[in-house]
Structures are given as C-alpha cells and as structure tokens.
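Geometric and topological summary
The primary structure of each chain is shown beneath.
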Protein chains: 2
Amino acid sequence: MRKTSKVGEIRLIPITLAEEIVPGASIAGKLVEALRRGRQRFHPGDILVVKHKIVSKAEGRLVDLASIQPSAESVAWAEQYKLDARVIELALRESRSVIRRKNGVLITETQHGFLCANSGIDVSNVDGGNTALLLPEDPDRSAAILRRALKKKTGISVPVIITDSFGRPWREGLAEFAIGIAGMKPLRDDRGRRDPHGYELKASVEAVADELACAAGLVCGKLNRAPACIVRGFRYDPGPGAVRDLLRPAATDLFR
Amino acid sequence: MRKTSKVGEIRLIPITLAEEIVPGASIAGKLVEALRRGRQRFHPGDILVVKHKIVSKAEGRLVDLASIQPSAESVAWAEQYKLDARVIELALRESRSVIRRKNGVLITETQHGFLCANSGIDVSNVDGGNTALLLPEDPDRSAAILRRALKKKTGISVPVIITDSFGRPWREGLAEFAIGIAGMKPLRDDRGRRDPHGYELKASVEAVADELACAAGLVCGKLNRAPACIVRGFRYDPGPGAVRDLLRPAATDLFR
C-alpha cells in the first residue's frame, strides 16, 4: 500500500476513525491506532491536520443546551430569524465582542480572537441538536499536547494544525481555517526573496497554515469519519508557531 | 441523500514549465509538454489548477506602466505611502468600485466582482517592475478555453480552476482563491444531508474551488517554475460552474 511520492508532490492522506471520540479519549491513541489499521504511519516531515471537533469532544467542550437560559434580547433576536436562542446566548457568552448582528447572522470575535459566526459553536454533529460543541479553550495548547503525545507514541515529531470551517466576507461558502498550531510557522515569509526575474517579492507573506487547513478539508468531509489527515511532502518552516500570528490586529484591520 | 463515501487519498502534482509563458503562447501545449517530460499525464477525474499569471501573460494582459498617466489624486495618495502612482491609477481603472482606501491599502471591487488589493494587478513577477500584469478579462472563459484545448490534445476532460493570491479581512497572510472555473461546481452543497448522527447539516455549503486553490498553492510556489498542478483523487461535482457562484452579492455581504 505504501507508495513513495515523487519529488515536489504533496499527498493528503485521510485518517478514518473507527469510532466516535468521547470526552477524555486520547486522540493521539485513536489516530495512531487508525493509521496502523490502514497500514500507514507518520513519516518525518509529515504534518497532521485535525478538525477541532474531535479535539473539542475529547476535551469535553460540550454544553447541554437545556442548561442555557437565554436573555430576553437573545430570545427576541432568535425568534425573528427562527434560530435557537440558547445557541445565540452561548455564542455571546463565548465572545469577546459582537462584530455584526444582522439578517439573522451573528459574527463575533471569540475569546481566542477568531472572527466567525456564533463564536464557532457547533450543534450539527452532536446528538440530535441538544448539545453544543465549543471550540477548544486554547487550541495552540491542544495542538502542542497532541504533538507531544504523538511524539511519545511514534517517536516522530509532526507539526499539528487544528482547524474549523468559517464563512468568509465577500465569498460564498465555508472554508477551513487554522485555529491552533504547534511545531511549524503558520506564515511563510517570502519578502526580500527574488522571483525568477530577479524582482524582489513584496507582498508575499503566505498563510500556509490556512492553505494546509483547506487542503485537509478536501479529504476530511463532514459526511465521513475522517476528521484528520496527514499532509506529506510540504516543506514547512519548523519552529514555534502560534495561531495569533494569523490574526490581523484590530488596529490594522479595515473590515471590522 | 448520498451514501457516506469511502475517503481516499488526494495527490497534488506540480507541473513545472521549462520556460516563461509569452503573449500568444498555448498554455495547453506547454502543460501537456511539461507533463510528458515528467512522465505524467492527465487521468480521468483529475482537476487542473493554474495560477492566473501564466493565463494573463498568454492572453497578453500586460500594461507598460510608462504609458499610464496617473491623476493628481493617485499621485498624492501614492506619494503619501511610497507607492507607484501608476499602479494605483491602473488599479482604479480596472475597478468597478473602491471598497477601502486607507493606510496605504487600496481594496477595490474589480470589473469581475472580486474584492482584492489593487484590482489584482501584479508587478512582482514581470520584468523588473515596469510592466503590470492584469487579471484575465473573463477568467471563466479562459478556464473553459483551456479545458477545451486540453480535451483536444489529450482526449481527457479536466475541470480547470484559475487562481490568484488575495489578502483576507481579519487574517494575516495571502491565500489562494479561485477566480475562474470550468467543468465543475465551485460549491459543494451538503445542506439537507445527514451527518453520522442523523443530524441534518445546516450551514454546510463548502467553497471547494477555493480549497482546491489553496491546496494547489502549497505546491505552486512563487519561487519555483510550477504555475500549475494536478489535483488527483478529489470527487468533484461535475457540471457547469462559474466563479460568480463564489461571490457573495453586495446586498447580503455584511463587510463592504
């Protein structure tokens, strides 16, 4: 089954889990087990990309929506747009600030600094819509913990990227974004390097962690059991990285 | 409702061109030649992702900056931020409207409807900064023409996605976006399908064309000669697609 990839080629290898992740589960253990079952293993140079859902579930970031008492304001707004007021209330609690609340869309800045709908709260993939799943409390820390656990189990250090699907201004459809990172730099800075014409590259800081997240999104579907994938063949910049590097400070952001 | 599909691996195979693309060149010819040289070929099911630069060059979308007479307003604004007033002037001419002009950043809506810096005009990869490269006039048409030419040369119909690097609100770094498409649907609509818990997916329209663009961005660097790549193994939705499907109408966009 193991193929050697040609020079320059990148492979996106889905990791299919046999069972649901429950609070307290060892994600590293489940991933290594799934790889072994598929006769795969981590290679030096691999990157692991993981959907936050399994991380959040393992960390027990579940909230019983019955326990949420929405404010009158949340109830009124939710009724207007046929939304679940408890989800709106929870989204506000998980937010640092409200960026837009219009046409039934609530865009917040989360405690981590992500700008997204409903503070990234998810009810779609959790038993029947009665439980909400929050983002990990500190996704960089979650990534670092997973990276260390995998090193311990396999002997190999792989960078870890945790992702979520966000909507975007200006564009239709969701795309994947990095929300946590460990072991590599999220931005590739080509400024000062020269292109094949000798012309200095000016605006070439590339958000490779977000591009890796999107690439992984192609193999990690919502309808399958592959919440993670290996990216093999991408030459990343090693070193400490934090998702904060990907977040544009409010002061230089023209679109808040 | 579609059955849960067995997920497979995706390969991103860069196509390295031997020489620079010049106006009038046949991109289809150069790509097929490069594949043959690398002992590769298109397989049924492949997607071709191409950076717009080679398309724009082949289409002769080059402007000699010496021919541009910037307005007094463009000169004043460019001087304030040490920019090239001719590029600013050209960006304004290529735009439908100005979205933001602040802190030395000019975000426009292009004639095509893309929101990006300087109407997507590029001076970095063209001889020494005296020539500007515009986006293709009609990138969907460019993609359709390339798709037809490849079919003629190889007998295989591959969807074609043309890309450019854009900055994003809220996030640091550039990422790749689809700006032209032919032969596949740019959005994957999972609404109404059910996740493994039987819970109906609500907000799951995925911008797969943008995710494919980002994936390709990982193998198509600015510093190498790989302006295109094959994505092999992604199950796309065939059919006519237009980049317009990816553009959020101004009326429903909260961030203009």
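It should be emphasised that the depicted structure is a prediction, and the values quoted were computed from it without experimental measurement.

**Quick look at the overall build of chain A**
Helix and strand content of chain A: 6 helices and 12 strands. Computed over its C-alpha atoms, the radius of gyration of chain A comes to 19 Å, within 12% of the 18 Å expected for a compact globule of 256 residues. Seen through its C-alpha atoms, chain A measures out along the principal axes to roughly 60 × 50 × 25 Å. Among the 256 residues that make up chain A, the fraction classed as buried is 47%. In chain A, of all internal contacts separated by at least 6 residues, the share reaching a separation of at least 24 is 61%.

**Some words on helix α4 (residues 85–93) of chain B**
Residues and elements named next belong to chain B. Counted residue by residue, α4 has 8 buried out of 9 residues, so it is predominantly covered. Of the positions making up α4, those classed as buried are Ala85, Arg86, Val87, Ile88, Glu89, Leu90, Ala91 and Leu92. Turning to α4, the residues buried within the fold contact β3 (62–64), α3 (72–80), β4 (95–102), β5 (105–110) and β7 (131–133).

**Some details on the domain arrangement of chain A**
Residues and elements named next belong to chain A. Domain boundaries assigned for chain A yield domain 1 (11–61 + 135–248) and domain 2 (63–132). One C-alpha centre belongs to domain 1, the other to domain 2, and the line joining them spans 26 Å. Counting residues at the interface gives 9 residues for domain 1, matched by 9 residues for domain 2. Looking at the side of domain 1 that touches domain 2 residue by residue, the class counts come to 5 nonpolar, 1 polar and 3 charged.

**Description of unusual backbone geometry**
All names here are of chain A. We note that Asn103 has phi near 50°; this positive angle belongs to a residue other than glycine. Residue position: Asn103 is located in the loop between β4 (95–102) and β5 (105–110). At Trp170, a residue that is not glycine, the phi angle is positive and equals roughly 75°. In this fold, Trp170 is placed in the loop between β8 (160–166) and β9 (175–182). The buried category is assigned to Trp170, around which 23 C-beta atoms lie within 10 Å.

**Remarks on the pairing of strand β1 (residues 10–15) of chain A**
The side chains of a regular strand alternate, residue by residue, between the two faces of the sheet. A large share of β1(A) lies buried, amounting to 6 of its 6 residues. Residues A:Ile10, A:Leu12 and A:Pro14 line one face of β1(A) and the alternating positions A:Arg11, A:Ile13 and A:Ile15 line the opposite face, and both faces are buried. As judged from the 3 bridges shared by β1(A) and strand β1 (residues 10–15) of chain B, these two strands associate in the antiparallel manner. Paired with A:Arg11 across the bridge in β1(B) is B:Arg11. Across 5 bridges, the pairing between β1(A) and strand β12 (residues 228–232) of chain A is antiparallel. Within β12(A), the position partnered with A:Pro14 by the bridge is A:Cys229.

**Regarding the sheet that holds β5(B)**
Residues and elements named next belong to chain B. Across the sheet, 3 strands lie side by side as β4-β5-β6; this open sheet has antiparallel pairing. Each having just a single partner strand, β4 and β6 (115–117) make up the two edges of the open sheet. Adjacent strand axes in the sheet meet at a mean angle of 30° when their direction is disregarded.

**Digging into the nonpolar core**
Ranked by internal contacts, the top residues of the largest apolar core, which has 137 residues, are A:Leu212, A:Cys229 and B:Leu212. In contact with A:Leu212, not counting residues within four places along its chain, are A:Ile47, A:Val49, A:Ile161, A:Val231, A:Phe234 and B:Leu218.

**Side note on the packing of helix α3 (residues 72–80) of chain A against helix α4 (residues 85–93) of chain A**
All names here are of chain A. Direction vectors running N to C along α3 and α4 enclose 125°, while the axes themselves pass 8 Å from each other. Relative to α4, α3 is oriented oblique. For the pair α3 and α4, the sense of crossing is right-handed. Counting all contacts with α3, which are made through Ser74, Val75, Trp77 and Ala78, the residues of α4 involved are Ala85, Ile88, Glu89 and Leu92. Class assignment for the residues of the contact of α3 with α4 results in 6 nonpolar, 1 polar and 1 charged.

**Notes on the confidence of the model for chain A**
Looking at chain A as a whole, the pLDDT averages 92, with 91% of positions reaching at least 70. Interface predicted TM-score (ipTM) for the complex: 0.94; the corresponding pTM is 0.94.

**Observations regarding the sheet that holds strand β2 (residues 47–51) of chain A**
With respect to topology, 10 strands assemble into an open sheet ordered β9(A)-β8(A)-β2(A)-β12(A)-β1(A)-β1(B)-β12(B)-β2(B)-β8(B)-β9(B), the strand pairing being mixed. On the outer flanks of this sheet lie β9 of chain A together with β9 (175–182) of chain B, each paired with one strand and no other. Sheet twist, expressed as the mean angle between neighbouring strand axes with direction ignored, is 25°. Judged from the 7 bridges that link them, strand β8 (residues 160–166) of chain B and β9(B) form a sheet pairing that is antiparallel.

**Re the environment of A:Lys51**
All names here are of chain A. Tracing the sequence through the fold places Lys51 in strand β2. Here the alpha-carbon distance between Lys51 and Ile162, two residues 111 residues apart in the chain, equals 5.7 Å. The residues touching Lys51, leaving out its near neighbours within four places in the chain, are Thr163, Cys220, Pro227 and Ala228.

So, how was this worked out
Per chain, residue numbering runs from 1 following the sequence as it is written. Just so you know, chain letters begin at A and ligand numbers begin at 1, following the order they were written in. Restriction of local features to residues with pLDDT of at least 70 applies here, the model being predicted, together with a cutoff of 80 or more for giving and counting side-chain atom pairs; totals for whole chains, interfaces and linings are based on all residues. Counting from the N terminus, the helices are the DSSP runs of H or I reaching at least four residues and the strands are the DSSP runs of E reaching at least two. In this treatment the radius of gyration is a C-alpha quantity, and the globule benchmark scales as 2.2 Å times the residue count to the 0.38 power. Partly exposed residues are those whose C-beta has more than 12 but fewer than 20 other C-beta atoms within 10 Å; with 20 or more the residue is buried, with 12 or fewer it is exposed, and the C-beta atoms are placed from the backbone. What counts as a contact is two residues whose backbone-derived C-beta atoms lie within 7 Å of each other. Residue ranges labeled as domains rest on an automatic or database domain assignment. Think of it as three bins: nonpolar holds Ala, Val, Leu, Ile, Met, Phe, Trp, Tyr, Cys and Pro, charged holds Asp, Glu, Lys and Arg, and polar takes everything else, Gly as well. Strands were regarded as paired on the criterion that DSSP finds at least two bridges between them. Convention adopted: a line fitted to C-alpha atoms gives each axis, helices being fitted over their contacting stretch, and angles between N-to-C directions are expressed from 0 to 180 degrees. Note on terminology: a nonpolar core is a set of buried residues of type Ala, Val, Leu, Ile, Met, Phe, Trp, Tyr or Cys, with members joined through C-beta atoms within 7 Å. Between 65 and 115 degrees an angle is taken as roughly perpendicular, under 35 as roughly parallel, over 145 as roughly antiparallel, and anywhere else as oblique. Each helix crossing is assigned a hand: it is left-handed if the near helix lies turned anticlockwise from the far helix by less than a right angle, otherwise right-handed if that turn is clockwise. The pLDDT value expresses, per residue, how confident the predictor is, ranging between 0 and 100.

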